[in-house]
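# Close look at the chain arrangement
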Amino acid sequence: MKDLPAQNISFTEFKLVGFYSLGEWRPFLFIPFFLMFLLAITANIILIYLIKSQQSLHSPMYILIGVMAVLDLIMPIFFVPSMLLSFLFNWSEISLTGCLIQMFGLHFIGTFQSTLVFWMALDRYFAICKPLHYHKYMEISNFLKFVVVPVMRNGLLIVTMVSLAGRLSFCVTNVIDHCFCEHMALVQLACGDISVNNIVGLMAAFFITTADFILITVSYVLIFSSVFRSGETHLKAINTCITHIIIMTLSLISALIAFLSYRIRNNISSSNRIFISILYLLFPSCLHPLIYGWRTKEIRQTFLKFINNAKVYSLKN
């Protein structure tokens, strides 16, 4: 009976206290994460500008790269500024509504990124394995067939996951041991049964991220087979595809470790778990412009031309 009053309390305000175990060293985290945030914002804005301003980069492959850059620009804006303010000034308060909005944004954009990589793999598959029919398959009307189902899947699972989290009562504590509102970081503070939340969270992880990774791998296996049969005609595609797989694998492993660390007994410290979560959210925003931008010959040449023109303009003035 003594627990009944606590059960009638449901917190609507929370505190994000990620990396609190670092104590007086915690504010110094501002420096590396600010530099990463600056890199992500600057690199993706430049990439978006180059693709938008150059008519020669308006083909399907570059448009997909541009969409990825937009997602990589939005993702860190959702959580990095508040995280940096928390490091510097201990501004860690967030409402339940704000927490749920942040949760939806992070998870939806994150799943959209993995699905977009799958679309990019399809683009490369059609370009390399079915070059004569590439433009037919990549027409908007045809390509939407590959887009609608994954987007509906992502939206349904993420909306369900966030809605179920919002219906919980939070009576344990209002302190979230994280730098942003990750699903399980919030859900584990609930009083009552959270088994449904666990199941839906795992479904989102495996039916979206893992499923996309499997489809991407299958696409690249088919691409590799085609490349090896054709000799060195598309040899440069192997280098690009391998880079895509490495980054996707790193993001997938990081995401699964972060998801499973809340659900199984392990020796992962709080700080390590938070760092792993940041790894799969922030690192891709920093790395994708280099992978999809600088390593793509046409975009690299456009960027160098842009820099040279800027230098000439500055000299004239």
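Residues numbered from 1 in each chain as written. Predicted model: local features only at pLDDT ≥ 70, side-chain atom pairs only at ≥ 80, totals over all residues. Heavy atoms only, no water.

## Examining the overall build of the protein
In plain terms, the rule: Strands here mean DSSP runs of E at least two residues long; helices mean DSSP runs of H or I at least four residues long; both are numbered from the N terminus. Each residue is placed in one exposure class: buried if its accessible area under a 1.4 Å probe, protein chains only, is under 20% of its type's maximum, exposed if it is over 50%, and partly exposed if it falls in between. Contact criterion: two residues are considered in contact whenever any of their non-hydrogen atoms come within 4.5 Å of each other.
Scanning the protein from terminus to terminus reveals 11 helices and three strands. Taken from N to C terminus, the helices and strands of the protein fall in the order α-β-α-α-β-α-α-α-β-α-α-α-α-α. Taking all 317 residues of the protein together, the buried fraction comes to 47%. Residue pairs at least 24 apart in sequence account for 77% of intrachain contacts in the protein once pairs closer than 6 positions are excluded.

## Brief notes about empty space enclosed by the protein
Selection rule: Throughout, the protein atoms alone are placed on a 1 Å grid, and a set of points is a cavity if a 1.4 Å probe fits but cannot get out or a pocket if it is open with protein on both sides within 12 Å along at least five of seven lines; lining residues have an atom within 4 Å of a point. Grid points are joined across faces, edges and corners, and a volume is the space filled by probe spheres set on the points. In this count, Pro and Cys sit with the nonpolar residues alongside Ala, Val, Leu, Ile, Met, Phe, Trp and Tyr, while Asp, Glu, Lys and Arg are called charged and the others, Gly among them, polar.
Summed over all chains, the structure comprises two cavities of 30 Å³ or more. Mapped by element, the contributors of at least two residues to the lining of the largest cavity are α4 (96–129), α6 (140–166), α7 (183–187), α8 (195–229), α9 (235–260) and α10 (270–294). Of the residues that constitute the lining of the largest cavity, the class distribution is 16 nonpolar, 11 polar and two charged. Reported here for the second largest cavity is a volume of approximately 40 Å³. The element that contributes the greatest number of residues to the lining of the second largest cavity is α10, accounting for five residues. In terms of residue class, the lining of the second largest cavity is made up of seven nonpolar, two polar and no charged.

## Things to note about a nonpolar patch on the surface
Just so we agree on the cut-off: Patches here are clusters of residues that have more than 30% relative accessible area and form no salt bridge, with a 9 Å joining cutoff for like charges and a 5 Å cutoff for nonpolar side chains (Val, Leu, Ile, Met, Phe, Trp, Tyr). Each accessible area value is a Shrake-Rupley result obtained with a 1.4 Å probe; residue values ignore everything except the protein chains displayed when judging cover. Any Lys or Arg side-chain nitrogen located within 4 Å of an Asp or Glu carboxyl oxygen qualifies as a salt bridge.
A contiguous nonpolar surface patch, about 710 Å² in accessible area, is contributed by Leu-22, Trp-25, Phe-28, Ile-31, Phe-34, Leu-35 and Leu-38. Here Trp-25 shows up in the loop between β1 (13–16) and α2 (30–53).

## Re the layout of surface pockets
Considered as a void within the structure, the second largest pocket measures approximately 230 Å³ in volume. Lining the second largest pocket are Pro-60, Ile-63, Leu-64, Val-67, Leu-116, Trp-119, Met-138, Ile-140, Phe-143, Leu-144 and Val-147. Tallied by class, the residues present in the lining of the second largest pocket amount to 11 nonpolar, no polar and no charged.

## Observations concerning the nonpolar core
Nonpolar side chains in soluble globular proteins generally cluster together in the buried interior. Using the following cut-off: We define a nonpolar core as any set of buried Ala, Val, Leu, Ile, Met, Phe, Trp, Tyr and Cys residues linked to one another through side-chain atoms lying within 4.5 Å.
The biggest cluster of nonpolar side chains holds 68 residues, and the ones touching the most others in it are Phe-33, Ile-65 and Phe-79. Elements that contribute at least two residues to this core include exactly α2, α3 (60–89), α4, α6, α8, α9 and α10. Excluding its chain neighbours within four sequence positions, the residues that come into contact with Ile-65 are Leu-47, Ile-51, Met-120, Tyr-292, Thr-296 and Ile-299. One finds Met-103, Met-161, Val-162 and Val-187 within the second-largest nonpolar core, a separate group that totals 26 residues.

## Quick look at the packing of α2 against α3
Heads up, the condition is: Helix axes use the C-alpha atoms of the stretch in contact, all axes being lines fitted to C-alpha atoms, and the angles between their N-to-C directions lie in the range 0 to 180 degrees. Here is the rule for angles: anything less than 35 degrees is roughly parallel, anything more than 145 is roughly antiparallel, 65 through 115 is roughly perpendicular, and the remaining ranges are oblique. If you view the pair so one helix is near and one far, a crossing is left-handed when the near helix is turned anticlockwise from the far one by less than a right angle, and right-handed when it is turned clockwise.
The geometry of α2 relative to α3 is characterised by a closest axis approach of 9 Å and an angle of 155° between their N-to-C directions. In terms of orientation, α2 and α3 fall into the roughly antiparallel class. Note that α2 runs across α3; the crossing there is left-handed. The residue makeup of the contact of α2 with α3, split by class, is 23 nonpolar, two polar and one charged.

## Digging into the packing of aromatic side chains
Note the cut-off: Here a pair means two rings of Phe, Tyr or Trp (six-membered ring of Trp) with centres within 6.5 Å. Their orientation is stacked below 30 degrees between planes, edge-to-face above 60, and tilted elsewhere.
This model, assessed by the stated rule, comprises 13 aromatic pairs. An aromatic cluster of at least three residues, connected via ring pairs, comprises Phe-104, Phe-108, Phe-112 and Trp-119.

## Quick notes on the sheet that holds strand β2 (residues 93–95)
Heads up, the condition is: What makes two strands pair is DSSP finding at least two bridges between them.
Across the sheet, three strands lie side by side as β2-β1-β3; this open sheet has mixed pairing. Each edge of the open sheet is held by one strand with a lone partner, namely β2 and β3 (175–176). Two elements, β1 and β2, share three bridges in a ladder whose sense is antiparallel. Each residue of the ladder has a partner; that of Glu-13, found in β2, is Ser-95. Taken strand by strand, α4 contacts β1, β2 and β3, and its axis lies near 85° from that of β2.

## Observations concerning unusual backbone geometry
One non-glycine residue, Phe-19, lies in positive phi territory at about 65°. On the secondary structure map, Phe-19 appears in the loop between β1 and α2. Residues other than glycine seldom take positive phi values, yet Asn-90 does so here, at roughly 60°. Mapped onto the elements, Asn-90 comes out in the loop between α3 and β2. For Asn-90, a relative accessible area of 55% gives the class exposed.

Take it as geometry only, folks, not as evidence of what the structure does.
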